[in-house]
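Descriptive analysis of the structure
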Amino acid sequence: MSRAFPVATLLIVAGFWVSIWHFWDKRRWFNLLRHSKFFGEESRIQFTADKVLVSGPTSKGEMTWEAIEDIELANNGAFVVLQKGWSIYVPKVSNGQSNNLSEIIEFYDKLKT
């Protein structure tokens, strides 16, 4: 028997372990999120010409447009990409009202030009 057999077996077992761990951890994270006392609470994001206002059940904040690195359009909305890898998803329609994505993109374009 060659030495490659134990190494290959170890790599296969490690691959299965990583896959199982990923799905278990993802499921655990979703369960923690769903059982949070703030699950389903409303968060509001307001885009103005000079800043972005955010309010939720536990906090309020504001940021300038300089914090936004990019806006990526999606099929049913847009991702507002913030610094350090964070992003905010803005749907085209929320709570029965249409969001004006073109206005948000216009604010962003004015800042970047």
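To be clear, the structure that these remarks concern was listed above.
Report on the accompanying structure.

Thresholds applied
- Residues numbered from 1 in each chain as written.
- Predicted model: local features only at pLDDT ≥ 70, side-chain atom pairs only at ≥ 80, totals over all residues.
- Heavy atoms only, no water.
- Pairing = 2+ DSSP bridges.
- Helix = DSSP H or I, 4+ residues; strand = E, 2+ residues; numbered from the N terminus.
- Axes fitted to C-alpha atoms, helices over the stretch in contact; angles between N-to-C directions.
- Contact = heavy atoms within 4.5 Å.

Here the focus is the pairing of strand β1 (residues 44–47). As paired strands, β1 and strand β2 (residues 51–55) are joined by 4 bridges and run antiparallel to one another. Looking at the pairing, Arg44 lines up with Ser55 of β2. The turn linking β1 back onto β2 is made up of 3 residues.

With that out of the way, let us pick up the sheet that holds strand β6 (residues 87–91). The 3 strands are arranged β4-β5-β6 in an open sheet whose pairing can be described as antiparallel. Two strands in the sheet have a free side with no partner beyond their single neighbour: β4 (68–74) and β6. Strand-to-strand twist across the sheet, computed as the mean angle between neighbouring axes with direction ignored, equals 20 degrees. One ladder, built from 6 bridges, connects β4 with strand β5 (residues 77–82); its direction is antiparallel. If you follow Asp70 over to β5, its bridge partner there is Val81. Taken strand by strand, helix α2 (residues 101–112) contacts β4, β5 and β6, and its axis lies near 145 degrees from that of β4.

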